[in-house]
Amino acid sequence: MSRPGVIEVAKFAILTRQIPDIYLSSFVDLDIDELSARAGVSIAGVGFDIDLTVVDHFDEFMPQKHLEKFAELGQRDDIEGFAGITNTGDDRERLERAQGFIQHIGEATGKPTILVASSDVGGRKPREAIFHEAPRRLNLLSRQMAMVGDQGAKDTLGARNSGYGATAQVAPYGTHPGDWRTHYFQRPMEAAVRLIMPRGIFRVTDFGKGNPRLAEPVDGRLNDIESIGATGSADG
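Residues numbered from 1 in each chain as written. Predicted model: local features only at pLDDT ≥ 70, side-chain atom pairs only at ≥ 80, totals over all residues. Heavy atoms only, no water.

Engineer: How would you summarise empty space enclosed by the protein if you had to cite specific residues and measurements?
Structural biologist: By the definition in use, this model includes 2 cavities of 30 Å³ or more. A volume near 30 Å³ is recorded for the second largest cavity. Along its surface, the second largest cavity is lined by Ile50, Asp51, Thr86, Thr88, Arg94, Arg97 and Ala98. No other element matches helix α4 (residues 92-109), which puts 3 residues into the lining of the second largest cavity. Residues belonging to the lining of the second largest cavity are distributed by class as follows: 2 nonpolar, 2 polar and 3 charged. (1 Å grid on protein atoms, 1.4 Å probe; cavity = no way out; pocket = protein on both sides within 12 Å on 5 of 7 lines; lining within 4 Å. Points joined across faces, edges and corners; volume = space filled by probe spheres on them. Helix = DSSP H or I, 4+ residues; strand = E, 2+ residues; numbered from the N terminus. Nonpolar A, V, L, I, M, F, W, Y, C, P; charged D, E, K, R; others polar.)

Engineer: Requested: an account of the pattern of salt bridges, with residues and values cited.
Structural biologist: Under the defined criterion, the tally for this structure stands at 11 salt bridges. The partner of Arg94 in a salt bridge is Asp51, and the shortest N-O contact between them spans 3.3 Å. Pair noted here: Arg94 is in helix α4 and Asp51 is in the loop between β2 (45-48) and β3 (61-62), with a separation of 43 residues, a long-range link. Residue Arg92 pairs with Glu96 through a salt bridge whose shortest N-O separation is 3.5 Å. Of this pair, Arg92 and Glu96 both sit in helix α4, 4 residues apart, which is roughly one turn of that helix. Since its relative accessible area comes to 43%, Glu96 is described here as partly exposed. Put simply, Asp33, Arg76 and Asp78 are held in one network by salt bridges that share partners. (Salt bridge = Lys/Arg side-chain N within 4 Å of Asp/Glu carboxyl O. Buried < 20%, exposed > 50% of the residue type's maximum accessible area, 1.4 Å probe, protein only.)

Structure follows, in structure tokens:
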């Protein structure tokens, strides 16, 4: 059997860096103490993806359960700040929507909560520039940051390459499949990787089933919430 070449070794290295410290079925399952213990670091800042991590694509309202999780995290003395790290491109409407979510998340946490958008730093995930910006603005070290997202190839890989201390990957929240590259290539590849992972890396055993949303749109709103949206509460 021939030895693997440089290209094969490089591909394997990139693939393994997409493996998080822990897989979660939902953002609400995030346990900072457990993640810190698994990664062997002290976590002071939480970076998070927005679409398909804490809201569905095109949602205007954030589920109350996610806001409550942010509020819970904000009560911890060891957590100093939060950063929404997202690829907005040149889409002004998407940027304003993300800014609205960040405002309400900040109100829930009571801690510094910032938006780091690709349009602001000139680099999209998984490039390191966008990940370095979050700890810089929060006055933290990269190794003090944890990253929570739904994509290994963007969130986990970018965070690891940028020196983040811990990473967690959640099953995609909502029903939107994402763009065609994510749906047809990235998700199947990540599912294949999970098949060979030791079960101890999973916080739950049903990650592969995804995270079907419990709430369905009702008259343009979500029926499991009194939700906070990008422009205000579900009541206006």
